[in-house]
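So you can see what is in the structure, the chains are spelled out below.
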Amino acid sequence: MSLLELQDCTMKFGGLTAVSGLSVSIGKSDLIGMIGPNGAGKTTAFNMITGVYCPTSGQVTFNGSNLTGKKPYDIVATGIARTFQNIRLFTSLTVFENVQVSFNKSLNHGLSHSVLQLKKFREEEDSVRRTIVDLLKIFKLDGVKDELATSLPYGDQRRVEIVRALATKPKLLLLDEPAAGMNPTEKVELMKLIKEVKERFDIAILLIEHDMKVVMGICERIFVLDYGIKIAEGTPSEIQCNPKVIEAYLGEQVET
Amino acid sequence: MMNASGKKWAFIAAIVLSFVLAQFQGEINPYFLQIIIYVGINTILASSLNLINGFTGQFSLGHAGFMSLGAYTASMITITFQATPGATSSYVMFPVALLVGGIVAAVAGVLVGIPSLRLKGDYLAITTLGLGEIIRVIIQNLDFVGGARGLVGIPKLSDFFWVFSVVAIVIFMISNMIHSTYGKGFLAVRDDEVAAQAMGINTTKYKVIAFVIGAFFAGVAGGLYAHFVSYITPSQFGFIKSIEIVVMVIVGGMGNTVGVILAAIVLTILPEALRGVAEYRMVLYSLMLVVIMISRPQGLFGTGFKRFFKKQAA
């Protein structure tokens, strides 16, 4: 059974159809890439899944429950986490605190416990702190945990965003252009990291990426969007020689 | 940063100290005592507004409105039940009256907060300003609380002990809150609402909670104020008062508890300390604000103000 299912999803902004009739299905341990030229509707598709936009028509099903029309914070609770194309770390918080924010949704004690520092609060707060430190260790970020997150190098900021998303304990992780702005060495590291995350946390990953080396290197399956329509789907090698995809990226072949 | 048990002891020590010091309040010059009490009340107001403006990033200009609700509610209770200063019964009645005043303000906070917190930045500021004025005008037209003439004969129950106990409670609670995981949620809402939602935070709920807690303490501060001056009019709680509190938060540094407390102390004492230069007093006071804002736009201690403007510009 598939984990995430998009059925005929359409997103219109006034007269503009950003995504049209998109149907996608993702299994529970897939690593899938979504590619397409600029403005093809990839991020819009992400925003439909995460509830930032409500699809004009169609339905999003995750883990058997209907997500259409739910708020972003409710969707996170069902097990979908994301990163952003333009990094959106909390600017005034440290690396540690950035990750700590993700634990808000799973706290068992009420705000009054925190305010009065009751026993339940102290116990849970301690366990949250330990979990965060463990998580940061996995990503080798424990050395900078008290630095302001936005003061880190770009590649590290991306990693903090991934840790922060993982801290919500997702079943599906959406990565929006994780390799954007990275140098070749960082990209190689990122590919390793994504594979490792998938194995260690046993989750499905859907990523948007422009860097073909990254996409072709790690994704098991790829689908291609162009002008809001899914034009191809298949393994990396299938996609590479799909004439429609080549057309979308390079333009039509001219008769000579 | 103090650890949890350290904070708890500091809190208990502060309560005990305010009780001990309250025994000597008859000894000092009533003029100085008045300034000290105002310092305490302004500290409560500024710290509670800091929770809304500084930590949660929702620019509210309606704090005086909540203060007036607390002031009038608490006063009506003590007047109706004829609390008298010094009587044992008033030691129970006064805190109850303060609490009810705070709750009424908090309920108003919910009613005002849910619709208006959909707005952001300057829109929210104008809306809260308007709602604060509505509260003032309504009170002005309620005859049973004195209307524009004001409410007289409020028993003088506030003293050093009550005011500074509440100061200790406010600081203790807000600093506990901010240093907890929930607290990081409030800061996340301020920094980036979209990202906060994507991390599972119900941003509207967090904003309303901050608004309600802030309004509650403003109400309590109002009650303390009314029972100190024993005569209140709606005009005392106009938007000038709201702005006075906002200035304390901004000068202290948005989102910085220590800075805001210091600003509340300095900005309460300053106009009094400048009485020596008579007519130039307010000119100097304003000039000082201008100089502080030019040299430290982020406030004396904070880093929040710059960020507020950056967010507006973005």
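Below is a summary of the structure that appears in this document. (Residues numbered from 1 in each chain as written. Chains lettered and ligands numbered in written order. Predicted model: local features only at pLDDT ≥ 70, side-chain atom pairs only at ≥ 80, totals over all residues.)

1. Remarks on the overall build of chain A
Put simply, the test is: Secondary structure elements follow DSSP: runs of H or I of four or more residues count as helices, runs of E of two or more count as strands, with numbering from the N terminus. We compute the radius of gyration from the C-alpha atoms alone; for a globule the expected value is 2.2 Å times N to the 0.38, where N is the number of residues. Residues with at least 20 other C-beta atoms within 10 Å of their own are called buried, those with 12 or fewer are called exposed, and the rest are partly exposed. The C-beta atoms themselves are positioned from the backbone. Once C-beta atoms have been placed from the backbone, residue pairs whose C-beta atoms lie within 7 Å are recorded as contacts.
Scanning chain A from terminus to terminus reveals ten helices and ten strands. Relative to the compact-globule value of 18 Å for 256 residues, chain A shows a C-alpha radius of gyration of 19 Å, a close match. When each of the 256 residues of chain A is scored for burial, the buried share is 43%. Here the analysis covers contacts within chain A between residues at least 6 apart in sequence; of these, 66% occur between residues at least 24 apart.

2. Details of the interface of chain B and chain A
Selection criterion: All amino acids are sorted into three groups, where Ala, Val, Leu, Ile, Met, Phe, Trp, Tyr, Cys and Pro are nonpolar, Asp, Glu, Lys and Arg are charged, and the leftover types, Gly among them, are polar.
Taken together, the contacts link 26 residues of chain B with 30 residues of chain A. Taken together, the elements giving at least two residues each to the side of chain B that touches chain A come down to α1 (4-22), α6 (160-178), α7 (181-191) and α8 (193-198) of chain B. In terms of residue count, the dominant contributor to the side of chain B that touches chain A is α7(B) (seven residues). For the side of chain B that touches chain A, a count of residues per class yields 13 nonpolar, eight polar and five charged.

3. Here we look at the nonpolar core
Rules: We define a nonpolar core as a collection of buried residues of the types Ala, Val, Leu, Ile, Met, Phe, Trp, Tyr and Cys that are connected via C-beta atoms lying within 7 Å of each other.
Counting residues in hydrophobic clusters, the biggest one holds 164 residues, and the most contacted among them are L172(A), A221(B) and L224(B). Element by element, the count of residues in this core is highest for helix α9 (residues 203-229) of chain B, at 17 residues. Among all residues touching A221(B), those that are not within four sequence positions of it are I41(B), I44(B), L45(B), M67(B) and G70(B).

4. Some words on the pairing of strand β2 (residues 16-26) of chain A
All names here are of chain A. Threshold: In short, DSSP must find at least two bridges between two strands for them to pair.
Sheet analysis places strand β1 (residues 4-13) next to β2, joined by seven bridges and oriented antiparallel. If you follow K12 over to β2, its bridge partner there is T17. Connecting β1 to the next strand, β2, in antiparallel fashion are two residues, including G14 with a positive phi near 60°.

5. Overview of the sheet that holds β2(A)
Residue and element names in this part refer to chain A. Counted only if it meets this: Angles shown run from 0 to 180 degrees and are taken between the N-to-C directions of axes, each axis being a line fitted to C-alpha atoms and, for helices, limited to the stretch in contact.
Read from one edge of the open sheet, four strands run β2-β1-β4-β5, paired in antiparallel fashion. Edge strands, defined here as strands with exactly one partner in the open sheet, are β2 and β5 (65-66). Docked against the sheet, helix α1 (residues 42-49) engages β1, β2 and β4 (57-62), running at close to 65° with respect to β2.

6. Regarding the packing of helix α3 (residues 63-80) of chain B against α9(B)
Residues and elements named next belong to chain B. Operational definition: Should an angle fall under 35 degrees it is called roughly parallel, over 145 degrees roughly antiparallel, and 65 to 115 degrees roughly perpendicular, with every other angle called oblique. When the near helix sits turned anticlockwise from the far one by under a right angle, the crossing is termed left-handed; a clockwise turn instead gives a right-handed crossing.
It is the contact of α3 with α9, at a shortest axis distance of 6 Å, that shows an interaxial angle of 55°. Put simply, α3 runs oblique to α9. Here the hand of the crossing between α3 and α9 comes out right-handed. Only A215, A218, G219, V220, A221, G222, G223, Y225, A226 and H227 of α9 make contact with α3, whose side of the interface consists of H63, F66, M67, S68, L69, G70, A71, A74, S75 and T78. Of the residues belonging to the contact of α3 with α9, the class tally is eleven nonpolar, nine polar and no charged.

7. Overview of the environment of Y249(A)
Structurally, the position occupied by Y249(A) is in helix α10 (residues 243-250). Remark: the alpha-carbon pair of Y249(A) and G36(A), spanning 213 residues in sequence, is separated by 7.7 Å.

8. Observations concerning unusual backbone geometry
Within the chain, D8(A) stands out as a residue other than glycine whose phi angle is a positive 55°. Relative to the assigned elements, D8(A) resides in strand β1. At S230(B), a residue that is not glycine, the phi angle is positive and equals roughly 60°. Position of S230(B) among the secondary structure elements: in the loop between α9 and α10 (239-252). Judged by C-beta crowding, with 16 C-beta atoms within 10 Å, S230(B) ranks as partly exposed.

9. Re the pairing of strand β9 (residues 221-226) of chain A
Residue and element names in this part refer to chain A. Examined bridge by bridge, strand β3 (residues 31-35) and β9 share four bridges and lie parallel to one another. For G33, the partnering residue across the bridge sits in β9 and is I222. Of the strand pairs in this sheet, β9 and strand β10 (residues 229-234) are connected by five bridges, and their pairing is antiparallel. In the strand pairing of β10, V224 is matched with A232. Counted between consecutive antiparallel strands, the loop separating β9 from β10 contains two residues, among which Y227 sits at a positive phi close to 50°.

10. Regarding the environment of I35(A)
All names here are of chain A. Assignment of secondary structure puts I35 in strand β3. I35 gets classed as buried once you count the C-beta atoms within 10 Å, which come to 25. Once the C-alpha coordinates of I35 and R82 are considered, the two residues, 47 residues apart in sequence, prove to be 17 Å apart. If we ignore the near neighbours within four places in the chain, the residues touching I35 are E209, V215, I222 and V224.

11. Section: α3(B)
Residues and elements named next belong to chain B. Worth spelling out the cut-off: Multiplying 1.5 Å by the residue count of a helix minus one yields the expected span of that helix.
In this model α3 runs 26 Å from its N-terminal to its C-terminal C-alpha over 18 residues, within 8% of the 26 Å that 1.5 Å per residue would give. With 14 of 18 residues buried, α3 is to be regarded as a mostly interior element. A positive backbone phi angle near 50° is found at Q82, which sits one or two residues after α3.

12. Quick notes on the environment of V166(B)
Residue and element names in this part refer to chain B. Along the chain, V166 turns up in helix α6. Distance in space between the C-alpha atoms of V166 and T88 is 20 Å, their sequence separation being 78 residues. Those residues within four positions of V166 in sequence are excluded, and the remaining contacts are I44, V220 and L224.

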